[in-house]
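Architecture at a glance
This is what each chain is made of:
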Amino acid sequence: MKHDPWLVQRGERKPGAQAQDLWEKTVDDHENSFSELFIDEQDSIRSALSLIDRLGIDRAFVADRRRMLKGCVAREHVHRALLDGCALYESVTSLVQPVVTTARATDGRAEVLDLMRALRIRELPIVDGHGRLVGIHVEDQIIGPVKRDNWAVIMAGGKGTRLGSLTRDTPKPMLPIAGRPILERLVLHLVGSGITKIFLSVNYLAEKIEKHFGDGGRFGCSIEYLREETDRPLGTGGSLRLLNDLGYRPQAPLLVMNGDLVTAFSVSHLLQFHQAHKNVVTIAASEYQHQVPFGVLHTDDGRLSRIVEKPTHSCLVNAGIYAIDPELLTEIPANVLYPITELFSACLRRGKRIGVWQLDDGWQDIGRPDELAKARGEH
């Protein structure tokens, strides 16, 4: 059964008070919508069948007035009860079974799907830190109350030449990490954060990416493609301009990111920071630490003042993730190689506000063989 799903907004993958508070505020803001996710123990068999059919799931979840998860009613048990002579108006109380496994609001969608596949179940309830039902993971969607108007653009056209033979027949974003292509993990993360319209900017071996993702339906979103000419790469900025050239008119800040990242950043926190500070661009930054492999000598007028053995220096680096106001698209020149950092420099020259938001979760760029090996846990 096809229907327009609501999409649950997740907090960060890493549990924390700030993420949990944000999630619970989102839940409370949409309290009325949650009544459509579950039934009560006293509801009728007809109500259970109606919910199962409307949401396209195999189990109707049971919760009380406070949304505390109490169990589930399986479609097969309902059918068996009807064959045994139960009436549609009878209560589901006797059919309620315990829910063995749940997902937290902070769990990544890719990991949840792997768990569902291992358990051979089609849906998994999402509960908050208090055990309240806040959404449902289904194979091709997340059912819940929040859907974002923001679109996402993922840059997936690079050749990945630094990875050598690994990318001879495979686009770099399609290299697997823990059994899933990097790009698929990013798509699932965005979907799990409430973004349902995603554009993939493709060039090198584009057909392999398009064959894998199709229209995005099986990933719970709509996917369209920004296609560069094979012999004329446009860069991260130039390919972004294709949105306007193809007639797309985003109405909310765009989420733009590189397609070779392993990250579980909080989409909601980034977009909230962007809007709260009235930035035209917000750049996500990651802390990079470098250890000097020598003893560093500090001098004063030619005399040694102190020695610091192998000090570590840290700085913020561009994480390749951005929130961008859509009106900037028209400022990108058409049909030329244009790195997105050129757009940022142009904004600075005109005095426009660019914010920097520090990632509070893991981040890794996959550009070299050692980085790929690290992401795969090989060293």
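Residues numbered from 1 in each chain as written. Predicted model: local features only at pLDDT ≥ 70, side-chain atom pairs only at ≥ 80, totals over all residues. Heavy atoms only, no water.

- Naming follows an unreviewed UniProt entry, where the chain appears as Alcohol dehydrogenase of Amycolatopsis bartoniae.

**A word on the packing of aromatic side chains**
- For the structure on display, the rule yields 5 aromatic pairs.
- For the pair Trp151 and Tyr248, a centre-to-centre distance of 6.4 Å together with 90 degrees between the ring planes defines the contact as edge-to-face. Within this pair, whereas Trp151 is found in the loop between strand 6 (141-143) and strand 7 (152-155), its partner Tyr248 is found in the loop between helix 8 (235-245) and strand 12 (254-258), the two being separated by 97 residues in sequence.
- A relative accessible area of 17% places Trp151 in the buried class.
- An aromatic cluster is built from Trp151, Phe199 and Tyr248, whose rings are joined through pairwise contacts. (Phe/Tyr/Trp six-rings, centres within 6.5 Å; stacked < 30°, edge-to-face > 60°. Helix = DSSP H or I, 4+ residues; strand = E, 2+ residues; numbered from the N terminus. Buried < 20%, exposed > 50% of the residue type's maximum accessible area, 1.4 Å probe, protein only.)

**Let's talk about the nonpolar core**
- Core analysis: the largest hydrophobic core is formed by 40 residues, its most contacted members being Ile198, Leu200 and Phe213.
- For this core, the leading source of residues is helix 6 (residues 182-192), giving 6 residues.
- For Ile198, the residues in contact, after removing those within four places along its chain, are Ala152, Ile154, Val187, Leu190, Val191, Cys221, Ser222, Ile223 and Glu224.
- Membership of the second largest hydrophobic core comes to 27 residues, among which are Cys72, Val78, Leu95 and Val96. (Core = buried A, V, L, I, M, F, W, Y, C linked by side-chain atoms within 4.5 Å. Contact = heavy atoms within 4.5 Å.)

**Considering the pattern of salt bridges**
- As enumerated under the stated definition, the model contains 19 salt bridges in all.
- A salt bridge links Asp58 to Arg75; the nearest nitrogen and oxygen atoms lie 3.9 Å apart. On the criterion of sequence distance, the pair formed by Asp58 in the loop between helix 3 (45-55) and strand 1 (59-63) and Arg75 in helix 4 (residues 75-83) is long-range, its members being 17 residues apart.
- For Asp58, a relative accessible area of 30% corresponds to the partly exposed category.
- Owing to a relative accessible area of 29%, Arg75 belongs among the partly exposed residues under this scheme.
- With its nearest N and O atoms 2.3 Å apart, the salt bridge here joins Arg180 to Glu184. (Salt bridge = Lys/Arg side-chain N within 4 Å of Asp/Glu carboxyl O.)

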